[in-house]
Structures are given as C-alpha cells and as structure tokens.
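Given next are the chains, with one letter for each unit.
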Amino acid sequence: MVKARAHSNIALVKYWGKKDIALNLPAVGSISITLEALHTETSVVFDESLTADELVLNGRPAGEKERMRVSRFLDIIRGRHGLQSAARVNSINNFPTAAGLASSASAFAALALAASRAAGLELSGQELSILARMGSGSAARSLFGGFTEMHRGKRPDGGDAFAEPLYPADHWPLKVVIAVTSEAQKKTGSTDGMELSRKTSPYYTAWVESSEDDLSAMRDALAQKDFQKLAEISEFSCLKMHALAMASNPGLIYWNAQTLELLHWVRSLREGGTPAFFTIDAGPQVKIVCLPEAAAAIVNQLQGHPAVERTIVTALGPDAYVIE
Ligand code: DP6
C-alpha cells in the first residue's frame, strides 16, 4: 500500500479547452500557485483478489462515474507495467469536493504518485506530471509546490505537455483567502464545460491565440515580484475565461450573485490600497490572492459578510509527496 498527499492549486493564467480529448492535451498553457491548506490524501493497493477497482471517496463508496474515471486512469498504469490486478483506492479531501476548489487537481496528482509507486514504478517529476495530466489537466500542476507552469506542448503524443516548477513557495510568500459563497455541487464540471466552449463559443480562437501573451506577462510579473502586474494579468485571464464560458451555447454561468458582489468588493479593496486581487474557477467561490500582511484584515472584513459562508486562508504549498 502506498499513500501520497498532493495539494490543490489555483491557476492565475487559466487552462480552459483541450486540443486532444483522449490524451487530455490542453489547448493553452497555464500558470498556477499550489495551496498549502487544501490537500488530498490517497492510498492505493493493487490486490489480486479483487474482481474490480474499488474507490472510497471521503469515507464512502464513490459513485460509478467517479469509479470509472479512476479505473480508466489506473488502466494507463496497468498497461504500462503489464499489471493485471485491480486496486483498492481510498481518497480523502480536507475541503469541499466539486465546489470549484479544484478537487480533481489534488486528487489525480495524489493518485498518480500513489498508484505509480504501488505498481512499482519510480517516475520522474515530469513523467508523473504527464501521467496526472491524463487524469485531469490541472492535476499536472499539483505535483509541484509554489509557482508552477503547465506547457501545452507541441507533440501529438503529449510527451511535452507537462507542468514544471517555476519558483518554490518562498520566492514570494503570497496568501490566498478563499471566500466560499456556496458549497453546492456545480452543475457542469470543467471537462464538459471546456468542451462546450470549444465547440460553441465564438471567442474560443481568440482565447487560445491570446494565451501565450498572458503566460509571458505572468512570467515577467513573477520574476519581478510586481504585484500590480500580477493582479492585472490574473484578473484578466480569469474574466476572459469566464467570458468565454458565458459565450458558450448554452452559456455557462459559474457565478452566483455573491460571487459578483465579491468581485466588486475585491476591486474596491485594491483601489483603497490593499494588495489583493480575485480569481475564480469553474464554481462560485472567490479566491482572493494577497500579500501576506493583508490576509488577516481581509479575513476580518469577510467575517459576517452576507455573501460569504466561510473563509479558508492558505499560504503556498509544497510538492506532492509519499506519506507511507
Ligand atoms: C477553471 O483540470 O478540472 O480550474 O482536464 O478536464 O480534468 P480536466 O479539467 P480541469 O480544469 C481546470 C479548469 C480551471 C482552470 C485551471 O485550473 O487552470
């Protein structure tokens, strides 16, 4: 049995859209930060006595859709290693699943690490990232701590579509205040949502074409530790992704009224001199990224705010690792 822990991440330059579904190749590169307070712990054991893969998620047998997604992922490892056995997988998130807090990122990163080790494979960081990507695109980034860049790659076999560490967490110790506005499950997951955008959104080509500029501007902002630039590029990429999603047909609206209220709230905070900006994934939660000295005051002000159910504060997190 091998147990591994991987931390969640949020993209500052977003991934939305695939150029190959079977290999899960992203149409755009992305840059993210790994979050210390949000993680998945997954244990895997290959057991010849099992007739099918078993998946326990947060203490309960998982639904068939989740079990099949994990089973297909394990097939990749089994195929590579000539393994026949089914596996028992036990996975626990310390945060709400599927509410836009990127549970698939930490989940498939932890699974890639635990399952490959349990199968007797010692993969490099790059190989693990490629493997995790086949489970979920954002998972490729969760293998690494701090600041991470995912490359969309050029090769048709996906051999160059992996994430790499840009800087460790201590390069720039940012904090993230997650304002949870609703813990309800989202209606359209990212996988289906991004396919709908690719097929129907008139903004899709512009989104893909403009992504390289955002990535290069973000690399500069991180190298210079220029917070204003970081804020502008991140909000731009986030709003552009949501505009793309909203212009799909039927339109995808991941926000609720509270999400929008908080966007304005964060903007006015920044105008008032607080070093903070927002980013939002495929769900209604608002992640407020800030300089470390601003975090406590932001949490204080959000306490009792009618738009916020609860807050989670986190620093930047470490690489994924094997626990036992
Ligand atoms: C909005 O990685 O969940 O969080 O590859 O289909 O599993 P799949 O998609 P996923 O998409 C993440 C989308 C996002 C932006 C991001 O994390 O870059």
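Residues numbered from 1 in each chain as written. Predicted model: local features only at pLDDT ≥ 70, side-chain atom pairs only at ≥ 80, totals over all residues. Heavy atoms only, no water.

Draft legend 1. Local environment of the sheet that holds strand β10 (residues 175-180). One open sheet accounts for four strands, arranged β11-β12-β10-β13; its pairing is antiparallel. Each edge of the open sheet carries a strand with a single partner, namely β11 (276-279) and β13 (310-315). Geometrically, the sheet is characterised by an average inter-axis angle of 25 degrees between neighbouring strands, direction not taken into account. Note that β10 and strand β12 (residues 286-290) share five bridges and pair antiparallel. Paired with Val 176 across the two strands is Val 289, which belongs to β12. Seen against the sheet, helix α7 (residues 257-271) touches β10, β11 and β12 and runs at an angle of roughly 155 degrees to β11. (Pairing = 2+ DSSP bridges. Helix = DSSP H or I, 4+ residues; strand = E, 2+ residues; numbered from the N terminus. Axes fitted to C-alpha atoms, helices over the stretch in contact; angles between N-to-C directions. Contact = heavy atoms within 4.5 Å.)

Draft legend 2. Structural detail: the site of the ligand. What surrounds the ligand is a group of 18 residues, the closest being Tyr 15, Lys 18, Gly 137, Ser 138 and Thr 191. Tyr 15 has a polar side-chain atom sitting 2.6 Å from an oxygen atom of the ligand. Ser 104 places a polar side-chain atom, nitrogen or oxygen, 3.3 Å from an oxygen atom of the ligand. Protein burial of the ligand: of its 460 Å² of free accessible surface, 95% is covered by the chains. At three residues, helix α4 (residues 190-200) tops the list of elements feeding residues into the shell around the ligand. Counted by class, the shell around the ligand contains six nonpolar, seven polar and five charged residues. (Near = heavy atom within 4 Å. Polar contact = N/O pair within 3.5 Å; in protein donor to acceptor, adjacent residues only side chain to side chain. Areas by Shrake-Rupley, 256 points an atom, 1.4 Å probe, with all protein chains shown as cover. Nonpolar A, V, L, I, M, F, W, Y, C, P; charged D, E, K, R; others polar.)

Draft legend 3. Region of interest: the nonpolar core. The biggest cluster of nonpolar side chains holds 36 residues, and the ones touching the most others in it are Trp 16, Trp 207, Ile 288, Ile 298 and Leu 302. When contributions to this core are tallied by element, the ones reaching two or more residues are β10, α5 (204-224), α6 (227-246), α7, β11, β12 and α8 (295-302). Viewed by domain, this core spans two of them, domain 1 (2-171) and domain 2 (175-315), each represented by three or more residues. In this structure, Leu 302 is in contact with Val 177, Ala 179, Leu 262, Trp 265, Ile 288, Val 308 and Thr 311, ignoring residues within four places of it in sequence. (Core = buried A, V, L, I, M, F, W, Y, C linked by side-chain atoms within 4.5 Å. Buried < 20%, exposed > 50% of the residue type's maximum accessible area, 1.4 Å probe, protein only. Domains from an automatic or database assignment.)

Draft legend 4. The pairing of strand β7 (residues 86-93), seen in detail. Two strands pair when backbone bridges link them, and strand β4 (residues 30-47) and β7 are joined in this way by eight bridges, in the antiparallel orientation. Paired with Thr 42 across the two strands is Ser 91, which belongs to β7. As paired strands, strand β5 (residues 54-57) and β7 are joined by four bridges and run parallel to one another. For Glu 54, the partnering residue across the bridge sits in β7 and is Arg 88.

Draft legend 5. Main features of the layout of surface pockets. Counted as a void, the second largest pocket has a volume near 280 Å³. Gln 185, Lys 186, Lys 187, Ile 253 and Tyr 254 are the residues nearest the centre of the second largest pocket, which is lined by 13 residues in total. For the lining of the second largest pocket, the per-class residue count stands at six nonpolar, five polar and two charged. (1 Å grid on protein atoms, 1.4 Å probe; cavity = no way out; pocket = protein on both sides within 12 Å on 5 of 7 lines; lining within 4 Å. Points joined across faces, edges and corners; volume = space filled by probe spheres on them.)

Draft legend 6. Structural context of unusual backbone geometry. With an omega of 0 degrees, the peptide bond running from Asn 249 to Pro 250 counts as cis. Within the element layout of this structure, Pro 250 appears in the loop between α6 and α7. Positive phi, close to 55 degrees, is recorded for Asn 24, a residue that is not glycine. Along the chain, the position of Asn 24 falls in the loop between β2 (18-20) and β3 (25-26).

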